[in-house]
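# Structure assessment
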Amino acid sequence: MTDDRQERIRRRAHEIWERAGRPEGAHMEHWDQATAEIDGAAKPKAKAAPKKAAAAKAAKPKAAKAEKPAKAPAKAKAPAKPKAKA
């Protein structure tokens, strides 16, 4: 790990910790989150275009599902009542 990268992760983890209200015992989660953010920012985003197309496709409502009425749930049968003793 380069010193510059480690220092950026340390600073980001500290920011995350402060924003979380400075909780005790969560340092590894903050470090892992900071590492993911720093490493993710350094990688080129070549796959950004397909995600936009998928998001636009998902935003469109499906006509076939929208036209069908929802089925009512089946009613549960009540348990049998015990017979009264004579």
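Quick notes on the rules
Residues numbered from 1 in each chain as written. Predicted model: local features only at pLDDT ≥ 70, side-chain atom pairs only at ≥ 80, totals over all residues. Heavy atoms only, no water. Salt bridge = Lys/Arg side-chain N within 4 Å of Asp/Glu carboxyl O. Helix = DSSP H or I, 4+ residues; strand = E, 2+ residues; numbered from the N terminus. Buried < 20%, exposed > 50% of the residue type's maximum accessible area, 1.4 Å probe, protein only. pLDDT = per-residue confidence, 0-100. Contact = heavy atoms within 4.5 Å. Core = buried A, V, L, I, M, F, W, Y, C linked by side-chain atoms within 4.5 Å.

Moving on: the pattern of salt bridges. Scanning all chains against the criterion turns up 7 salt bridges. Between Arg-5 and Asp-39 there is a salt bridge whose closest N-O contact spans 2.8 Å. Highlighted residues: Arg-5 in helix 1 (residues 3-19) and Asp-39 in helix 2 (residues 27-42), separated in sequence by 34 residues. In this structure, the salt-bridge partner of Arg-22 is Glu-18, at a minimum N-O distance of 3.2 Å. Residue classification places Glu-18 among the partly exposed residues on the basis of a relative accessible area of 37%. Among the charged side chains, a salt-bridge network with shared partners connects Glu-7, Arg-10 and Arg-11.

Moving on to the confidence of the model for the protein chain. Scored by pLDDT, the protein chain comes out at a mean of 75, with 52% of its residues at no less than 70. Here helix 4 (residues 63-67) stands out as the element of the protein chain with the lowest mean pLDDT, 53, in contrast to helix 1, whose mean of 95 is the highest.

In this section: the side chain of Arg-12. Tracing the backbone shows Arg-12 in helix 1. Ignoring any residue separated from it by four or fewer positions in sequence, one finds Arg-12 in contact with Arg-19, Ala-34, Glu-37 and Ile-38.

Listed in full, the 5 residues of the largest apolar core are Ile-9, Ala-13, Ile-16, Ala-34 and Ile-38. Of all elements in the fold, only helix 1 and helix 2 reach the threshold of two or more residues within this core. By residue number, the principal contributor to this core is helix 1, which donates 3 residues.

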